[in-house]
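Here's the letter readout for the chains.
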Amino acid sequence: EEMEPEERQEVKDLLEFSEHSAAGRMTTNYIAVPGDTTVAQAVQALRNFDDDPETVTAIYLVEQEGALTGVVPLARLLLALP
């Protein structure tokens with residue numbers, strides 16, 4: 001009852017999946033940055049992430065319209081030059 005309507009709907013949608021299914025283990029909170037983002041900017045996006053940073057395994061690269069163009073695993077990000 002104390003949740004915002006949008007947040008409440010998101011939780012309701014997620015609860016429809018079994019916790020033992022792939023969909024039940026997914027999150028709707030992720031980090032997406034433009035494809036031309038630098039490593040330093042991606043790290044800053046991770047620092048600014050409002051949710052639990054331990055849930056982040058990759059940074060998603062998107063076009064201006066939001067279409068996915070790539071995925072960078074955190075391990076690769078950590079080993080890259082700024």
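Residues numbered from 1 in each chain as written. Predicted model: local features only at pLDDT ≥ 70, side-chain atom pairs only at ≥ 80, totals over all residues. Heavy atoms only, no water.

In summary, soluble globular proteins display a tendency toward joint burial of nonpolar side chains. Listed in full, the 11 residues of the largest apolar core are Ile31, Val33, Val39, Ala42, Phe49, Val56, Ile59, Leu61, Val72, Leu74 and Leu77. Elements supplying a minimum of two residues to this core: α3 (39–47), β2 (58–62) and α4 (74–79). Each residue touching valine 72, except ones within four places of it in the same chain, is listed here: Ala58, Ile59, Leu61 and Leu77. (Core = buried A, V, L, I, M, F, W, Y, C linked by side-chain atoms within 4.5 Å. Buried < 20%, exposed > 50% of the residue type's maximum accessible area, 1.4 Å probe, protein only. Helix = DSSP H or I, 4+ residues; strand = E, 2+ residues; numbered from the N terminus. Contact = heavy atoms within 4.5 Å.)

The next point concerns a negative patch on the surface. Together, Glu4, Glu6, Glu7, Glu10, Asp13 and Glu16 line one region of the surface with negative charge. Within the element layout of this structure, glutamate 16 appears in the loop between α1 (5–14) and α2 (22–25). A relative accessible area of 62% means that glutamate 16 is categorised as exposed. (Patch = residues over 30% accessible without salt bridge, like charges linked within 9 Å, V, L, I, M, F, W, Y side chains within 5 Å. Areas by Shrake-Rupley, 256 points an atom, 1.4 Å probe, with all protein chains shown as cover. Salt bridge = Lys/Arg side-chain N within 4 Å of Asp/Glu carboxyl O. Lys, Arg positive; Asp, Glu negative; His and termini not counted. Charge placed at Lys NZ, Arg CZ, Asp CG, Glu CD.)

Another aspect to go through is the sheet that holds strand β3 (residues 68–73). Read across the open sheet, the 3 strands follow the order β1-β2-β3; overall the sheet is mixed. Edge positions in the sheet fall to β1 (32–34) and β3, since each of these pairs with one other strand and no more. Pairwise comparison of adjacent strand axes, ignoring direction, gives a mean angle of 35° for this sheet. In the sheet, β2 pairs with β3 via 5 bridges, with the strands oriented antiparallel. The partner of valine 62 across the bridge, within β3, is leucine 68. (Pairing = 2+ DSSP bridges. Axes fitted to C-alpha atoms, helices over the stretch in contact; angles between N-to-C directions.)

What follows is about the confidence of the model for the protein. Caution applies to low-pLDDT parts of the model: their predicted coordinates are not meant to be read in detail. Per-residue pLDDT for the protein averages 85, and the proportion of residues at 70 or more is 89%. The weakest mean pLDDT in the protein belongs to α2 at 59; the strongest belongs to β1 at 95. (pLDDT = per-residue confidence, 0-100.)

Our next topic: the pairing of β2. Judged by how many residues are buried, β2 sits mostly within the fold: 4 of 5 residues are covered. In this sheet, β2 lies alongside β1 in parallel orientation, the contact comprising 3 bridges. Looking across to β2, one finds that alanine 32 is bridged to tyrosine 60. For the segment spanning β1, α3 and β2, crossover handedness is right-handed. (Right-handed = clockwise from strand over helix to strand, strands pointing away.)

Turning our eyes to something else, we now look at a nonpolar patch on the surface. A grouping of Met3, Val11 and Leu15 is seen on the molecular surface, where their side chains present a nonpolar patch of about 260 Å² in accessible area. Here valine 11 is to be found in helix α1.

So, on to the environment of alanine 58. For alanine 58, the position within the fold is in strand β2. Among the residues examined, alanine 58 registers a relative accessible area of 9% and is labelled buried. Residues alanine 58 and leucine 77 lie 19 residues apart in sequence; the distance between their C-alpha atoms is 8.6 Å.

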